[in-house]
Amino acid sequence: MARMAGRRALFAVPVLLVVTFAVFAVAAASPFDPVKAYAGTAGLTASQENLDQLRANLGVDQPLVARWWDWLTSALTGDLGDSSVMRQPVADVIGERIGWSVLLAATAFAVAVVLGTALGVLAARRRGGWLDRCVSSAAYTLEAAPAFWLGLLAIWFFALELGVLPAGGLTDTGSDTVTPGQVASHLVLPALVLGVSQLPWFILYVRQGVADALDEDPVRGARARGLDERTVLLGHALRSGMLPMLTLIGSRVPELITGALLVESVFSWPGIAAATVQAATSVDFPLLAALTVLATAAVLLGNLLSDLLYGLADPRVGFDG
């Protein structure tokens with residue numbers, strides 16, 4: 001396990017280097033002017049001399065490679081630079097928002113795994129039955145539904161029509177304090193929407209895996225020994241059928257991050273979505289690079305986690321092979 005994690009860590013280094021350089025290259029080719037974005041309305045009346053001085057102060061007058069190298073060497077020492085659009089250190093921008101994004105993503109991921117496993121097992125138990133057809137049809141329908149559309153639909157139904165859940169934000173209107181109760185109530189809709197957007201793949205993977213496991217000889221042998229159907233389904237078929245789903249965990253991380261950004265924007269959740277959008281549109285090099293590295297690292301960790309879980313669940317898989 002340690003050897004595999006070490007190999008993945010070494011592999012991650014060149015990947016992160018390439019990703020950060022690509023961010024600076026794409027930002028440099030962007031039609032957006034970071035100086036005008038930083039100056040705002042004042043840039044409309046500023047002289048060219050003042051704009052050039054501001055460009056030099058922001059460091060965007062340097063060549064592409066020089067900007068990337070300066071950011072990289074500073075980042076290795078813990079200095080992620082200052083965000084030109086947020087007017088504060090990048091570390092503070094991320095630190096203030098990352099916790100809320102992690103809370104939303106983790107809750108939604110737990111909803112998708114638990115609910116997807118339960119529905120997948122129920123569908124596989126009676127293949128071809130009415131429940132299987134209903135669950136599979138719902139999964140394929142949700143697979144084509146964008147996360148932002150699900151969010152708007154949830155706001156219309158639960159917040160506007162029924163009035164049982166808040167439409168967005170982190171606290172109630174007019175409240176100056178953040179309490180666990182308010183956070184929990186405001187978390188329900190965005191977490192459910194994000195979790196449901198990830199649900200189809202877990203349902204279909206679990207359904208197929210458990211259905212295949214029910215036809216295997218070990219499961220048939222368990223039935224022949226007189227074990228009850230619940231023990232056969234949960235103790236034998238589910239464990240074998242869950243193995244394909246474990247590989248799904250890592251591959252869903254990029255989609256989870258993208259979905260989280262959309263859901264945060266729809267529900268005004270105070271995560272990193274707004275910072276990401278502003279960094280991209282304002283060509284905020286330090287903030288954009290840091291957020292991209294963070295997302296890339298999350299994807300790499302997700303892939304590593306899925307491999308570790310698969311190896312722990314199936315002893316036949318060797319970590320150091």
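## Section: the overall build of the chain
Scanning the chain from N- to C-terminus turns up 13 helices and two strands. Across the 321 residues in the chain, those meeting the buried criterion constitute 38%. Taking the contacts inside the chain whose residues are at least 6 apart along the sequence as the reference set, 74% of them involve residues at least 24 apart. About 16,800 Å² of surface is accessible on the chain, with carbon and sulfur atoms providing 65% of the total.

## Quick notes on the pattern of salt bridges
This model, assessed by the stated rule, comprises two salt bridges. A salt bridge links Asp132 to Arg207, with the shortest nitrogen-to-oxygen separation between them at 2.7 Å. With Asp132 in helix α6 (residues 130-143) and Arg207 in helix α8 (residues 180-214), the pair connects residues that are 75 residues apart, well separated along the chain. For Arg207, a relative accessible area of 19% puts it in the buried group.

## With respect to unusual backbone geometry
You will see that Ser268, though not glycine, has its phi angle at about 55 degrees, which is positive. Checked against the element boundaries, Ser268 lands in the loop between α11 (243-267) and α12 (273-281). Among the residues examined, Ser268 registers a relative accessible area of 53% and is labelled exposed.

## Overview of the nonpolar core
The biggest cluster of nonpolar side chains holds 39 residues, and the ones touching the most others in it are Leu104, Leu194, Val210 and Val263. Only α5 (90-125), α7 (147-161), α8, α10 (229-241) and α11 provide two or more residues apiece to this core. Of the residues forming this core, the biggest block, 12 residues, is contributed by α8. Sequence-distant contacts of Leu104, defined by excluding residues within four places in its chain, comprise Leu187, Pro190, Ala191, Leu194, Ala260, Val263, Glu264 and Trp269. With 20 residues, the next largest nonpolar core counts Ile94, Ala275, Leu288 and Leu291 among its residues.

## Some remarks on the side chain of Ser101
You can see Ser101 is positioned in helix α5. Look at Ser101 and you get buried, because its relative accessible area is 9%. The residues contacting Ser101, other than those within four sequence positions of it, are Glu264, Trp269, Gly271 and Ile272.

## A few points about the packing of α5 against α8
Between α5 and α8, the shortest axis-to-axis distance is 4 Å and the interhelical angle comes to 35 degrees. For α5 against α8, the interelement crossing comes out right-handed. Residues of the contact of α5 with α8, tallied by class, amount to 27 nonpolar, six polar and two charged.

## Quick notes on the confidence of the model for the chain
In this model, the chain carries an average pLDDT of 78, and 79% of its residues clear a pLDDT of 70 or more. The least confident element of the chain is helix α2 (residues 34-39), whose mean pLDDT is 64; the most confident is α7, at 90.

## So, the layout of surface pockets
The space that makes up the largest pocket amounts to roughly 620 Å³. If you go around the largest pocket, you meet 24 residues; those closest to its centre are Val102, Ala105, Val253, Ile257 and Ala298. Among the secondary structure elements, those contributing two or more residues to the lining of the largest pocket are α5, α11 and α13 (285-313). A per-element tally of the lining of the largest pocket places α13 first, with nine residues. In the lining of the largest pocket, the residues fall into 19 nonpolar, four polar and one charged.

## Some points on the packing of aromatic side chains
Given two aromatic rings, one states the distance between the centres and the angle between the planes to describe the pair. Under the defined criterion, the tally for this structure stands at six aromatic pairs. Judged by centre distance (6.1 Å) and plane angle (45 degrees), the ring pair of Trp156 and Phe157 falls under tilted. By relative accessible area, Trp156 is classed as partly exposed at 44%. Centre to centre, the rings of Phe157 and Phe158 are 5.0 Å apart; their planes meet at 85 degrees, and the pair counts as edge-to-face. Aromatic rings pair up to connect Phe21, Trp68 and Trp69 into one cluster.

## With respect to α12
Among the residues of α12, those classed as buried are Ala273, Ala275 and Ala279. The arc enclosing the buried residues of α12, seen along the axis, measures out at 165 degrees, which places them on a common side. Following α12 by one or two positions, Val283 has its phi on the positive side, about 50 degrees.

## Some points on the environment of Thr247
When you line up the elements, Thr247 lands in helix α11. Taking the C-alpha atoms as reference points, Thr247 and Ser306, 59 residues apart in sequence, are found 5.2 Å from one another.

## Re a nonpolar patch on the surface
Judged by side-chain polarity, Phe148, Trp149, Leu152, Leu153, Trp156, Phe157, Phe158, Leu160, Leu162, Val164 and Leu262 come together as a nonpolar surface patch covering roughly 1,100 Å² of accessible area. Here the nonpolar patch takes eight residues from α7, the largest share from any one element. Relative to the elements of secondary structure, Leu262 occurs in helix α11. Look at Leu262 and you get partly exposed, because its relative accessible area is 37%.

About the criteria used
Residues numbered from 1 in each chain as written. Predicted model: local features only at pLDDT ≥ 70, side-chain atom pairs only at ≥ 80, totals over all residues. Heavy atoms only, no water. Helix = DSSP H or I, 4+ residues; strand = E, 2+ residues; numbered from the N terminus. Buried < 20%, exposed > 50% of the residue type's maximum accessible area, 1.4 Å probe, protein only. Contact = heavy atoms within 4.5 Å. Areas by Shrake-Rupley, 256 points an atom, 1.4 Å probe, with all protein chains shown as cover. Salt bridge = Lys/Arg side-chain N within 4 Å of Asp/Glu carboxyl O. Core = buried A, V, L, I, M, F, W, Y, C linked by side-chain atoms within 4.5 Å. Axes fitted to C-alpha atoms, helices over the stretch in contact; angles between N-to-C directions. Left-handed = near helix turned anticlockwise from the far one by under 90°. Nonpolar A, V, L, I, M, F, W, Y, C, P; charged D, E, K, R; others polar. pLDDT = per-residue confidence, 0-100. 1 Å grid on protein atoms, 1.4 Å probe; cavity = no way out; pocket = protein on both sides within 12 Å on 5 of 7 lines; lining within 4 Å. Points joined across faces, edges and corners; volume = space filled by probe spheres on them. Phe/Tyr/Trp six-rings, centres within 6.5 Å; stacked < 30°, edge-to-face > 60°. Arc of directions from axis to C-beta. Patch = residues over 30% accessible without salt bridge, like charges linked within 9 Å, V, L, I, M, F, W, Y side chains within 5 Å.

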